[in-house]
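# Chain and residue survey
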Amino acid sequence: MKISVFIPFHNEEKNIAELVERVKKGAEETGNDYELIMVDDGSNDNSFEEAKKCMEANTWITLLQHRTNFGLTEAMKTGFDKCTGDIIVFLPSDLESHPDEDIPVLVNAFNDKVDIVCGKRLGRGDGKLAASKAYNFVSKMVFGTKLSDMNWIKAFRRSVLPDLELRSDWHRFIVQILISKGYRAIEVDVKWYPRKSGKSHYGLKRMPIAFFDALSVRFLLSFTKAPMRFFGGFGALQMLASFTALILMLVGQFILGSYRFGVRPMLYFIVSMFLSGLIFFFMGFIAELIVSVKDEIRRKK
């Protein structure tokens with residue numbers, strides 16, 4: 001088995017050398033072949049130069065560079081394409097995770113029934129615990145997952161990559177997306193360490209973005225499975241409501257003689273609701289066609 005350790009970084013020049021040494025020690029402890037894929041996501045300090053020195057001294061390191069800061073999701077897309085190992089281990093560059101300790105723990109947790117292994121932080125003290133709990137609570141509510149720390153270090157089989165769609169800031173939802181595709185995930189306890197140098201790139205301002213991204217991912221996961229059920233359901237409810245309102249209006253107007261609202265405005269409302277429901281039905285058919293074409297393209301690839 002071969003292990004690909006993937007680490008993106010941005011302005012982490014003082015951490016690079018120690019990071020590489022710890023990766024080497026942790027990967028060797030597993031007893032497997034290994035490689036390190038590093039992506040410099042537009043650093044404006046000497047991070048790239050430090051990483052380049054490490055690469056020149058170690059043939060098992062591959063270094064890639066973004067000319068500007070595109071964000072973690074784009075860095076993942078760049079790095080994952082270069083990973084050749086059977087297991088991909090994703091780690092941060094800030095040394096809050098110690099690779100020499102965590103790589104063996106993550107890799108050794110795999111068995112025939114496990115596709116993803118997530119690290120659960122113990123002793124976390126970065127002041128973001130409340131925000132992290134809120135994020136994981138929302139994830140559990142939206143995606144129905146049972147894991148408690150899905151947005152940190154993780155390892156997964158490279159074979160899952162064809163089912164992993166990444167865009168925007170979807171790096172937060174790798175585990176959720178893969179679980180929804182039927183892959184199996186577990187958690188293992190790992191230690192958290194305070195950052196020695198540099199500063200965090202994540203804060204509370206990202207919470208609203210994460211919330212809306214979670215809704216977007218959940219919608220698309222449901223949408224791609226059965227779009228007609230989603231749009232058709234809304235359409236059927238609206239048309240049923242329009243028919244019900246029409247019957248009540250007719251009964252009140254012509255049988256009971258007690259209808260007190262304007263007939264014409266109510267009729268306009270009923271027609272509008274019916275047409276809206278009909279539009280939802282047509283949207284469902286179009287969405288089914290789009291998903292079918294997408295699946296056909298994927299099969300040809």
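Residues numbered from 1 in each chain as written. Predicted model: local features only at pLDDT ≥ 70, side-chain atom pairs only at ≥ 80, totals over all residues. Heavy atoms only, no water.

### Things to note about the overall build of the protein chain
A count of helical and extended segments in the protein chain gives nine helices and seven strands. Taken over the C-alpha trace, the protein chain has a radius of gyration of 26 Å; the compact-globule value for 301 residues is 19 Å, which it surpasses by more than 25%. Principal axes of the C-alpha set define a box for the protein chain whose edges measure 90 × 45 × 40 Å. Both charge centroids of the protein chain, one from 41 positive and one from 35 negative side chains, sit 8 Å from each other. (Helix = DSSP H or I, 4+ residues; strand = E, 2+ residues; numbered from the N terminus. Rg over C-alpha atoms; globule rule 2.2 N^0.38 Å. Lys, Arg positive; Asp, Glu negative; His and termini not counted. Charge placed at Lys NZ, Arg CZ, Asp CG, Glu CD.)

### Focus: unusual backbone geometry
Glycine aside, the phi torsion of most residues is negative, and most peptide linkages are trans. With a phi close to 55°, Asn11 is a non-glycine residue in the positive phi region. Within the secondary structure, Asn11 sits in the loop between strand E1 (2-9) and helix H1 (16-30). Judged by its relative accessible area of 22%, Asn11 falls in the partly exposed class. (Buried < 20%, exposed > 50% of the residue type's maximum accessible area, 1.4 Å probe, protein only.)

### Here's the deal with the packing of aromatic side chains
Throughout the structure, instances matching the rule amount to seven aromatic pairs. Note on Tyr34 and Trp60: the rings are 5.2 Å apart at their centroids and 70° apart in plane angle, and the pair reads as edge-to-face. Of this pair, Tyr34 sits in strand E2 (residues 33-41) while Trp60 sits in the loop between helix H2 (47-57) and strand E3 (61-66), and the two are 26 residues apart along the sequence. Through successive ring pairs, a cluster of aromatic residues spans Phe6, Phe80, Phe90 and Phe156. (Phe/Tyr/Trp six-rings, centres within 6.5 Å; stacked < 30°, edge-to-face > 60°.)

### Quick notes on the nonpolar core
Counting residues in hydrophobic clusters, the biggest one holds 35 residues, and the most contacted among them are Val5, Val20, Leu36, Met38, Val89, Leu91 and Leu106. Within the residue set of this core, elements represented by two or more residues are E1, H1, E2, H2, E3, strand E4 (87-90), helix H4 (99-108) and strand E7 (185-191). The element contributing the most residues to this core is H1, with five residues. Setting aside residues up to four positions removed in sequence, Leu106 forms contacts with Val89, Leu91, Val117, Cys118, Gly119, Ile153, Lys154, Ala155 and Val188. Counting residues in hydrophobic clusters, the runner-up holds 33 residues, among them Phe6, Phe90, Cys118 and Leu221. (Core = buried A, V, L, I, M, F, W, Y, C linked by side-chain atoms within 4.5 Å. Contact = heavy atoms within 4.5 Å.)

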